[in-house]
Amino acid sequence: MTVPLIKILVALALPVVLFFGGGYLMLLFTARDQFPQTSAPESVPLHFRLGGYNAEQAQAYWAWLGAEGQLAELRFLEVDLVFPLVYGGALLVSLFLIWGWLGRPFRLAWLLAPLAVTVIADWTENLVHWHQLHRVLRQEPVQDFWMHMASLATTTKMLCFTLSATLLVALALKRLARISRGMG
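First, a word on what this report is: a plain description of the structure on this page. (Residues numbered from 1 in each chain as written. Predicted model: local features only at pLDDT ≥ 70, side-chain atom pairs only at ≥ 80, totals over all residues. Heavy atoms only, no water.)

**Let's talk about the packing of helix H2 (residues 55-79) against helix H4 (residues 108-137)**
Heads up, the rule is: Where helices are involved, their axes are fitted lines through C-alpha atoms of the stretch in contact, as for all axes, and angles between N-to-C directions lie from 0 to 180°. Secondary structure elements follow DSSP: runs of H or I of four or more residues count as helices, runs of E of two or more count as strands, with numbering from the N terminus. Orientation is classified from the angle alone, with under 35 degrees giving roughly parallel, over 145 giving roughly antiparallel, 65 to 115 giving roughly perpendicular, and any other angle giving oblique. Take the far helix as your reference; a near helix turned counterclockwise from it by less than a right angle gives a left-handed crossing, and one turned clockwise gives a right-handed crossing. In what follows, residue pairs with any heavy atoms lying within 4.5 Å of each other are defined as contacts. Just so you know the grouping, Ala, Val, Leu, Ile, Met, Phe, Trp, Tyr, Cys and Pro go in nonpolar, Asp, Glu, Lys and Arg go in charged, and all remaining residues, Gly too, go in polar.
Two elements in contact, H2 and H4, have axes whose closest approach is 10 Å; the angle formed by their N-to-C orientations is 125°. Between H2 and H4, the angle is such that the two are oblique. Here H2 and H4 pass one another in a crossing that is left-handed. Between H2 and H4, the contacting residues are Gln59, Trp62, Gln70, Leu71, Glu73, Leu74, Leu77 and Glu78 on the first element and Asn126, His129, Trp130, Gln132, Leu133, His134, Val136 and Leu137 on the second. In terms of residue class, the contact of H2 with H4 is made up of 8 nonpolar, 6 polar and 2 charged.

Put into structure tokens, the structure is as follows:
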């Protein structure tokens, strides 16, 4: 039972370590960590706003960051175009492993769909933020339509990521249950 348990723990830890470790390194290397969230509502990063945001709120967030913070945010957004491949790849590997250990109990599409939507939504969010922040840096207003699309992408990303992570935990628990019943 020890080796299968270790395999499951490694499969669960892989995406967690890469997600939080990668996020931390992104903040550090882009200097985005110098502009931490405060109690001010406008300081909440746009990519964490599950309830969504509009152009005015995005403008307020970027104004709160100031000139240096906006440049750090721009660097962060550029790095964040690669990050979905890192956390998405780690989550995919873990899902594939546990799904395979369970004997592939359902169609592959059910495993891939929420993760694919997560990555596409994350890229959409990042590209729109990157483009709109460039507008702010040129002293142009952000565009309502595009910020609405980014807001929708943010919410979609967070929901589908949660679905993928929940699926991973559920599959791991199912695998643990099989192991504990002696069904390997």
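**A look at the pattern of salt bridges**
The cut-off we apply is this: Salt bridges, as used here, are contacts in which a Lys or Arg side-chain nitrogen is within 4 Å of a carboxyl oxygen on Asp or Glu. Type-normalised accessible area, obtained with a 1.4 Å probe on protein chains alone, sets the label of each residue: buried when under 20%, exposed when over 50%, and partly exposed for intermediate values.
Per the counting criterion, the structure on display carries 4 salt bridges. Note that Glu125 is salt-bridged to Lys157, the shortest N-O span being 3.0 Å. Placement of the pair is Glu125 in helix H4 and Lys157 in helix H5 (residues 144-180), with a sequence separation of 32 residues. Residue classification places Glu125 among the buried positions, given a relative accessible area of 0%. The salt bridge involving Arg138 is made with Glu140; its shortest N-O contact spans 3.2 Å. According to the relative accessible area criterion, Arg138 is partly exposed, its value standing at 46%. Three or more residues joined by partner-sharing salt bridges are found here, namely Arg135, Arg138 and Glu140.

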